[in-house]
Amino acid sequence: QLQASGGGLVQAGGSLRLSCATSRRITSVDVLGWYRQAPGKQREWVASIFRGTVTNYADSVKGRFTISRDNAKTTIYLQLNSLKPEDTAVYYCYLKHQGLEEIQSWGQGTQVTVSS
């Protein structure tokens, strides 16, 4: 239901854009976002977007990452700028309903590797 793409290898200070395509239109009750998991670490929430304009970010990425949604309401993006080696992780997109904790869908994950 969610298809993530856009990861890769980049040098520190570089940029990448991740995409997460949904199999249906994003509705007004859907919250989409990204988690990441680095080797040997727990999965960490990164960012979310609600109704196309309400965005939230983890402190560790605030000011460097930007989450957005396309006008067709089928894809979200995560622009990663000023990347650091500690951003290296597998990034997973997710979908949940506003007000509920349970995540309905996960993307398959896309690897981001930042070299120093």
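Anything mentioned here points back to the structure above.
Predicted model only: the values in this text are computed from it and were never measured.

(A) Highlighting the state of the cysteines. Applying the stated criterion across every chain, the model contains one disulfide. Between the sulfur atoms of C20 and its disulfide partner C93 the distance amounts to 2.2 Å. Measuring the twist about the S-S bond at about 70°, one finds the C20-C93 disulfide to be right-handed. Taken together, the positions of C20 in strand β3 (residues 16-22) and C93 in strand β9 (residues 89-97) put the pair 73 residues apart, joining distant regions of the chain. Since its relative accessible area comes to 0%, C93 is described here as buried.

(B) Expanded view of the nonpolar core. Residues W34, L78 and Y91 are the most contacted members of the largest nonpolar core, which totals 28 residues. Per-element tally for this core: the top contributor is β9, with four residues. In contact with L78, not counting residues within four places along its chain, are L16, R17, L18, W34, V46, A47, F65, T66, I67 and Y91.

(C) Region of the structure containing the pattern of salt bridges. Within the structure shown, the criterion is met by five salt bridges. Across the salt bridge formed by D30 and R24, the nearest N and O atoms sit 2.8 Å from each other. Looking at D30, the relative accessible area reads 1%, which means it is buried. Relative accessible area serves as the criterion here: at 29%, R24 is assigned to the partly exposed category. Across the pair D87 and R64 runs a salt bridge, and its minimum N-O distance is 2.7 Å. Placement of the pair is D87 in the loop between β8 (75-80) and β9 and R64 in the loop between β6 (54-57) and β7 (65-69), with a sequence separation of 23 residues.

Conventions and cut-offs
Residues numbered from 1 in each chain as written. Predicted model: local features only at pLDDT ≥ 70, side-chain atom pairs only at ≥ 80, totals over all residues. Heavy atoms only, no water. Disulfide = S-S within 2.5 Å. Helix = DSSP H or I, 4+ residues; strand = E, 2+ residues; numbered from the N terminus. Buried < 20%, exposed > 50% of the residue type's maximum accessible area, 1.4 Å probe, protein only. Core = buried A, V, L, I, M, F, W, Y, C linked by side-chain atoms within 4.5 Å. Contact = heavy atoms within 4.5 Å. Salt bridge = Lys/Arg side-chain N within 4 Å of Asp/Glu carboxyl O.

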